[in-house]
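Descriptive analysis of the structure
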Amino acid sequence: GSDVCSSDLTFAPGHVNDGIGDFSSNLAEALGALHPTDVFVRHDSWRELEGIDPASVGGVIVQYFPQAYLRGDVRHLVRWLGRVRASGARVVTTVHEFWPPADGRLRRAAARFMFRRLLRTLARSSDRVVVTRTSALADLAEAVRPIKEAGAVIIPVGASIRPPGERAPLPGEP
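Residues numbered from 1 in each chain as written. Predicted model: local features only at pLDDT ≥ 70, side-chain atom pairs only at ≥ 80, totals over all residues. Heavy atoms only, no water.

1. Some words on the nonpolar core
With 33 residues, the main nonpolar core has Leu9, Val60, Tyr69, Leu77 and Leu81 as its most contacted residues. When residues of this core are traced back to their parent elements, those giving at least two are β3 (57-64), α2 (66-69), α3 (74-86), β4 (90-95), α4 (106-124), β5 (128-131) and α5 (136-143). The contact partners of Leu77, leaving out residues within four places of it in the chain, are Leu9, Trp46, Leu49, Tyr69 and Leu122. (Core = buried A, V, L, I, M, F, W, Y, C linked by side-chain atoms within 4.5 Å. Buried < 20%, exposed > 50% of the residue type's maximum accessible area, 1.4 Å probe, protein only. Helix = DSSP H or I, 4+ residues; strand = E, 2+ residues; numbered from the N terminus. Contact = heavy atoms within 4.5 Å.)

2. Focus: the confidence of the model for the protein
Residues with a pLDDT of 70 or more make up 75% of the protein, whose mean pLDDT is 78. Across the protein, the element-wise mean pLDDT spans from 64 in strand β1 (residues 5-10) up to 93 in α3. (pLDDT = per-residue confidence, 0-100.)

3. What about the pattern of salt bridges?
Counted according to the given criterion, the structure contains 4 salt bridges. Here Arg42 ties to Asp73 by a salt bridge, and the two come within 3.0 Å at their closest N and O atoms. In this pair, Arg42 sits in the loop between β2 (37-41) and β3 while Asp73 sits in the loop between α2 and α3, placing the two residues 31 residues apart along the sequence. Grouping residues by exposure puts Arg42 and Asp73 together as buried. (Salt bridge = Lys/Arg side-chain N within 4 Å of Asp/Glu carboxyl O.)

4. Some words on the side chain of Asp127
Relative to the helices and strands, Asp127 is located in the loop between α4 and β5. Separated by 3.2 Å, the side chains of Asp127 and Arg85 make a polar contact. (Polar contact = N/O pair within 3.5 Å; in protein donor to acceptor, adjacent residues only side chain to side chain.)

5. Observations concerning the pairing of β5
In terms of strand pairing, β4 meets β5 through 4 bridges, oriented parallel. Across the sheet, the residue bridging to Thr94 is Val130, located in β5. Handedness of the crossover joining β4 and β5 through α4: right-handed. For β5 and strand β6 (residues 152-154), the ladder comprises 3 bridges, and the chain directions are parallel. Bridge pairing links Val130 to Val153 in β6. (Pairing = 2+ DSSP bridges. Right-handed = clockwise from strand over helix to strand, strands pointing away.)

Put into structure tokens, the structure is as follows:
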């Protein structure tokens, strides 16, 4: 019905030209031409999702960037996604980045472990996982075994960050 819409979950609003917030905003605008679509921007906590009835959501697209999801409250997101799926809606996670490359340091290894674990959790909470390039499948396979479980799909997406000559400079940008 008209009260059911898609939700695009992100951590940055559309006016943030970071390649993810603006991508999310552009995606919601494009989807909105076909179906009512809302963008949910996480501000303080994923607990904010509790105000959205999972039964009123026709589908969810999660914009994943590891550092933005490595928070203690991510369990609220995972629970809410479970309720969305239980209501019959689909969940798609778009993986924008995976984790920093290994450099031999313990801190980096710990971060990679946590990011891998988080991505595995989100992949299991999703019907499909989208990556933007073929080489990302190796990273996804490292996190989610077997890869087929994640329902991996490659959708080549060009960067949504326009070159500086085609947009107003950001603060502090030459």
